[in-house]
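Here are the chains, one letter per residue:
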Amino acid sequence: MVEPAFSIGARLTRTGRRIPAGLDEATIKAVVEDFYGKARRDELLGPVFRTAIPEAQWPQHLATIGDFWSSMLLGTGRYHGRPMPVHLALGGLDDAHFARWLALLRQTVEAICTPEIALLFIDRAERVANSFRLGMAAKRGEDSSAIVRMRALSQ
Ligand code: HEM
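Note that the structure is a prediction, hence the values are computed from the model and not measured.

What counts and what doesn't
- Residues numbered from 1 in each chain as written.
- Predicted model: local features only at pLDDT ≥ 70, side-chain atom pairs only at ≥ 80, totals over all residues.
- Helix = DSSP H or I, 4+ residues; strand = E, 2+ residues; numbered from the N terminus.
- Buried ≥ 20, exposed ≤ 12 C-beta atoms within 10 Å, placed from the backbone.
- Contact = placed C-beta atoms within 7 Å.
- Near = placed C-beta within 6 Å.
- Nonpolar A, V, L, I, M, F, W, Y, C, P; charged D, E, K, R; others polar.
- Core = buried A, V, L, I, M, F, W, Y, C linked by C-beta atoms within 7 Å.
- Axes fitted to C-alpha atoms, helices over the stretch in contact; angles between N-to-C directions.
- Parallel < 35°, antiparallel > 145°, perpendicular 65-115°, else oblique.
- Left-handed = near helix turned anticlockwise from the far one by under 90°.
- Expected span 1.5 Å × (residues − 1).
- Arc of directions from axis to C-beta.

A. Just the overall build of the protein chain, in detail. Counting secondary structure elements, the protein chain contains six helices and zero strands. Starting at the N terminus and walking to the C terminus, you meet the elements of the protein chain as α-α-α-α-α-α. For the protein chain, the spread of C-alpha atoms along the three principal axes comes to 50 × 40 × 30 Å. Within the protein chain, buried positions represent 18% of all 155 residues. Across the protein chain, every contact between residues at least 6 apart in sequence was considered, and the portion connecting residues at least 24 apart equals 67%.

B. Broad picture of the environment of Phe121. Among the structural elements, Phe121 can be located in helix H6 (residues 115-139). Taking the C-beta count within 10 Å as the criterion, Phe121 has 25 such neighbours and is therefore assigned buried. In this structure, the C-alpha to C-alpha distance between Phe121 and Arg106, residues 15 residues apart in sequence, is 8.2 Å. Phe121 has contacts with Val31, Leu105, Val109 and Cys113, leaving out every residue within four places of it along the chain.

C. A look at the environment of His80. Mapped onto the secondary structure, His80 falls in the loop between helix H3 (58-74) and helix H4 (83-90). A C-alpha to C-alpha distance of 9.2 Å links His80 and Thr64, two positions 16 residues apart in sequence.

D. Structural detail: the site of the ligand. Near the ligand, the surroundings consist of 20 residues, among which Ala52, Gly81, His97, Trp101 and Val128 are the closest. Elements with a contribution of two residues or more to the shell around the ligand: helix H2 (46-52), H3, H4, helix H5 (95-112) and H6. At four residues, the largest contribution of residues to the shell around the ligand is made by H4. Here the residues of the shell around the ligand sort into 16 nonpolar, four polar and no charged.

E. Just the nonpolar core, in detail. Of all hydrophobic cores here, the largest spans 23 residues; its most connected members are Val31, Leu102, Leu105 and Phe121. Where this core is concerned, the elements lending two or more residues are helix H1 (25-41), H3, H5 and H6. The greatest single-element share of this core, amounting to seven residues, is contributed by H6. Ignoring any residue separated from it by four or fewer positions in sequence, one finds Leu102 in contact with Ala125, Glu126, Ala129, Met150 and Ala152.

F. Region of the structure containing the packing of H1 against H3. Here H1 crosses H3 at 130°, and the two axes come no closer than 10 Å. The orientation of H1 relative to H3 falls into the category oblique. Relative to H3, the crossing made by H1 is right-handed. The residues of H3 that touch H1, namely those facing Glu25, Ile28, Lys29, Val32, Glu33 and Tyr36, are Leu62, Ile65, Gly66, Trp69, Ser70 and Leu73. Residues that form the contact of H1 with H3 fall into these classes: seven nonpolar, two polar and three charged.

G. Summary view of the packing of H1 against H5. Contact geometry of H1 with H5 gives a least axis separation of 9 Å together with a crossing angle of 140°. Taken together, the axes of H1 and H5 are oblique relative to one another. As H1 runs across H5, the sense of the crossing is right-handed. Contact residues: H1 offers Ala30, Val31, Asp34, Phe35, Lys38 and Ala39, while H5 offers Leu104, Leu105, Thr108, Val109 and Ile112. A breakdown of the residues in the contact of H1 with H5 according to their chemical character gives eight nonpolar, one polar and two charged.

H. Representation of H3 in the model. The end-to-end C-alpha separation of H3 is 23 Å, in line with the 24 Å expected for 17 residues at 1.5 Å each. Where H3 is concerned, the buried positions are Ile65, Trp69 and Leu73. One side of H3 holds all its buried residues, which, seen down the axis, span an arc of 55°. Across from the buried face of H3, at angles greater than 90 degrees, the exposed residues are Pro59 and Gln60. Buried-residue contacts for H3 involve H1 and H6. Note on H3: the residue one or two positions beyond its end, Gly75, has a positive phi of about 65°.

Now the structure itself:
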């Protein structure tokens with residue numbers, strides 16, 4: 001059921017955005033764990049994660065990512081990092097990586113979340129992924145106006 005935009009007792013972020021029913025820290029944790037389980041086993045993304053994140057640092061990484069989504073979707077402000085330089089520093093990420101990352105996220109949230117919550121995750125992830133693509137193109141000195149927005153497709 002689609003809820004009205006405003007209703008008495010609706011949960012709101014600090015900026016007044018309505019938080020859909022069922023979107024909470026437990027949902028975010030389930031999405032993050034399932035997504036990174038898949039991403040680490042993925043033949044394209046797995047090697048990137050294995051190279052950058054030693055086994056012992058995974059709990060910390062998952063906690064950081066949980067904070068990121070909590071800030072993005074629940075407006076908690078728990079994430080204080082700057083993901084752009086982190087991804088620029090990884091080097092070697094191309095559109096195939098982003099397409100796979102977004103497809104895996106879509107697969108994950110469509111399996112775990114209501115359609116409304118899944119769309120929120122996908123929308124935010126697409127925006128961030130596309131901002132990384134623009135940042136990477138700028139770093140390579142390319143004309144970023146030629147870059148076409150990437151959407152999360154099913155794979
Ligand atoms: C090509 C797709 C992507 C790959 C392969 C990738 C890989 C990684 C890796 C390896 C790290 C850890 C880096 C380190 O600690 O040295 C990282 C951190 C992170 N990633 Fe991604 N990433 C991708 C896309 C995204 C997208 C689309 C988002 C957001 C929607 C995202 C959010 C984050 C965040 C929040 C961090 C933590 C940054 C920090 O330390 O504050 N990533 N990513």
